[in-house]
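Residue-level structural notes
Listed here are the chains, written in short residue letters.
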Amino acid sequence: MNHKFGIALAALTLSCSALAQTKWDLPTAYPPSNFHTENLAQFVSDVDKATAGKLKITLHPNAALFKAPEIKRAVQGGQAQMGEILLVNFQNEWQVFGADGIPFLADSYDAAWKLYQAQKPVLAKKLAEQGIVLLYTVAWPPQGIFINKPINAAADLKGVKWRAYSPATARIAELVGAQPVTVQQAELSQAMATGVVESYMSSGSTGYDTKTYEYLKHFYDTQAWLPKNAVLVNKKAFDALDKPTQEALLKAGAEAEKRGWATSKTKTQEYLDLLKKNGMTIHEPSAQLKADMKKVGETMIKEWTEKAGAEGQAVLDAYRKM
Ligand code: PCA
């Protein structure tokens, strides 16, 4: 082969393989060590293997590419071909997005899975109307109360500076008389360090990710709800893939969903143990605190049902039949 032809051929081969390779961005708001992010990293590598490198997905953790509340719109508009969101963040847009953020509607892994099955058809339909494919969801561990002092009843939360991550967590603050401030996980450590936040509800996972034990010493294991992250794909980007690549993506997504729910469940206790090891006291809530929080939940289920209308009622009916 003459030299010139060799170079031309090499260039041609290179440009062909570059053409054949699709590159996607996948923003998430959580750190690399978070179990959702680790699950996504595994998903990305599974897709890479299954497509022999044809679909290269770059994971962007820590809200580095887009802030948590911006990721949905980025996927919708195609600025990111994929993205991970916290569904309950979007409750004000559509109430069904917030069904898994209502205290004590679904407060175990079994119940959370059933609620997901009840939500899924309408969730997928709504997202499809927005040009989004719902790939999979994974629940966070059960939500409890992190706080800087021991508490016995909801009355002890009056006036406390309370971090909210969603409309529902802000509503809880209003109902118990705490002072809500919305802060996403990526900014939570700083908010605690500067004293802007002295309590919040979330999982042991977030407590550990954000080193909450350095700021707040008490966790009340109320197991109030299990909100879900959802992994979304821009529909145009999905449709542009060839059939085998689409199938590889869907298969890796289904596996990630199964793996993610199982990991979330097994890690629940591990996270509480880690918080304890780092100096936090894990409390069983008092009967009074439990009753108070249940009452908050009842109010919020009622409010949600009114706002969510027939669509919400259908989700509730389907869930309660399961
Ligand atoms: N962690 C996320 C949402 C729910 C959870 O457990 C957070 O606190 O932002």
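In this report, we go over the structure that sits alongside the text. (Residues numbered from 1 in each chain as written. Predicted model: local features only at pLDDT ≥ 70, side-chain atom pairs only at ≥ 80, totals over all residues. Heavy atoms only, no water.)

**Remarks on the side chain of glutamine 246**
Let me state the cut-off plainly: Counting from the N terminus, the helices are DSSP H or I runs at least four residues long and the strands are E runs at least two residues long. Throughout this description, a polar contact denotes any pair of N or O atoms lying within 3.5 Å of each other; where both atoms belong to protein, one of them has to be capable of donating a hydrogen while the other can accept it, and for residues adjacent in sequence the pair is counted only when both atoms sit in side chains. The contact rule is simple, with two residues in contact once any of their heavy atoms fall within 4.5 Å.
Tracing the backbone shows glutamine 246 in helix 9 (residues 243-277). Within polar-contact distance, the side chain of glutamine 246 engages the backbone oxygen of leucine 241 at 3.4 Å. Residues contacting glutamine 246, with those up to four places away along its chain left out, are Phe238, Asp239 and Leu241.

**Quick notes on empty space enclosed by the protein**
Put simply, the rule is: With a 1 Å grid spanning the protein atoms alone, the term cavity applies to any set of points in which a 1.4 Å probe fits but cannot get out, the term pocket to an open set with protein on both sides within 12 Å along at least five of seven lines, and the term lining residue to any residue with an atom within 4 Å of a point. Grid points are joined across faces, edges and corners, and a volume is the space filled by probe spheres set on the points. Basically, the charged four are Asp, Glu, Lys and Arg, the nonpolar ten are Ala, Val, Leu, Ile, Met, Phe, Trp, Tyr, Cys and Pro, and anything else, Gly included, counts as polar.
Using the criterion set out here, one finds 1 cavity of 30 Å³ or more in the structure. Empty space within the largest cavity amounts to approximately 90 Å³. Lining the largest cavity are Tyr30, Leu86, Trp140, Gln143, Arg163, Tyr165, Gln184, Gln185, Ser202, Thr206 and Pro227. Counted by class, the lining of the largest cavity contains 5 nonpolar, 5 polar and 1 charged residues.

**Some points on helix 2 (residues 35-50)**
The test is simple: Here the expected span of a helix is defined as 1.5 Å times the quantity of residues minus one. Note on exposure labels: buried denotes an accessible area under 20% of the residue type's maximum, exposed denotes more than 50%, and partly exposed covers the range between, all computed with a 1.4 Å probe on protein chains only.
With 16 residues, helix 2 extends 22 Å from end C-alpha to end C-alpha; this agrees with the ideal 22 Å at 1.5 Å per step. Residues of helix 2 that are buried include every one of Phe35, His36, Thr37, Asn39, Leu40, Phe43, Val44, Asp46 and Val47, and no others. If you check the start of helix 2, you find a side-chain oxygen 2.7 Å away from the backbone N of histidine 36, and it comes from asparagine 34. One or two positions beyond helix 2, positive phi appears at alanine 52, with a value near 50°.

**Looking at the site of the ligand**
Here is the rule: Here, proximity means that at least one heavy atom of the residue falls within 4 Å of the molecule or strand. Per-residue and other accessible areas follow the Shrake-Rupley method at a 1.4 Å probe size, with only the shown protein chains counted as cover for residues.
For the ligand, the full set of nearby residues is Leu86, Trp140, Gln143, Arg163, Tyr165, Gln185, Ser202, Ser203, Thr206 and Pro227. At a separation of 2.9 Å, an oxygen atom of the ligand approaches a polar side-chain atom of glutamine 143. Separating an oxygen atom of the ligand from a side-chain N or O atom of serine 203 is a distance of 2.6 Å. Protein chains shield 100% of the accessible area of the ligand, which is 260 Å² for the free molecule. Class assignment of the residues belonging to the shell around the ligand gives a composition of 4 nonpolar, 5 polar and 1 charged.

**Quick word on the layout of surface pockets**
The volume enclosed by the largest pocket comes to roughly 170 Å³. Around the largest pocket, the lining residues are Gln91, Asn92, Gln95, Ile102, Pro167, Ala168, Arg171, Met300, Glu303, Trp304 and Lys307. Put simply, the parts of the chain that give the lining of the largest pocket at least two residues each are helix 5 (167-176) and helix 10 (287-321). With 4 residues, the single largest contributor to the lining of the largest pocket is helix 10.

**Notes on the pairing of strand 10 (residues 228-234)**
To keep it simple, the criterion reads: Think of it this way: DSSP has to see at least two bridges between two strands before they count as a pair.
Where burial is concerned, most of strand 10 is hidden: 7 out of the 7 residues are buried. Here strand 10 shows no split at all, with Lys228, Ala230, Leu232 and Asn234 on one side and Asn229, Val231 and Val233 on the other all buried. As judged from the 5 bridges shared by strand 3 (residues 82-86) and strand 10, these two strands associate in the antiparallel manner. Paired with methionine 82 across the two strands is valine 233, which belongs to strand 10. For strand 4 (residues 132-139) and strand 10, the ladder comprises 7 bridges, and the chain directions are antiparallel. Residue alanine 139 lies in a different strand from strand 10, and its bridge partner there is lysine 228.

**Thoughts on the sheet that holds strand 5 (residues 144-147)**
Sheets are built from strands paired through backbone hydrogen bonds, the pairs being either parallel or antiparallel. Rule in force here: Comment: axis = line fitted to C-alpha atoms, over the contacting stretch for helices; angle = value between 0 and 180 degrees taken between N-to-C directions.
Reading across from one edge, 7-6-8-5-9-11 is the order of the 6 strands in this open sheet, with mixed pairing throughout. Bordering the open sheet on either side are strand 7 (179-182) and strand 11 (281-283), each of which pairs with just one other strand. Averaged over neighbouring strand pairs, the angle between their axes works out to 25° when direction is ignored. Sheet topology places strand 9 (residues 218-220) next to strand 11; 3 bridges connect them, and they run parallel. Residue pairing for strand 11: tyrosine 220 is matched across the bridge by histidine 283.

**Quick notes on the side chain of glutamine 119**
In this fold, glutamine 119 is placed in helix 4 (residues 109-129). Since its relative accessible area comes to 0%, glutamine 119 is described here as buried. Only 3.3 Å separates the side chain of glutamine 119 from the side chain of aspartate 100, close enough to count as a polar contact. With near-sequence residues (within four places) excluded, glutamine 119 lies in contact with Val96, Ala99, Asp100, Lys228 and Val315.

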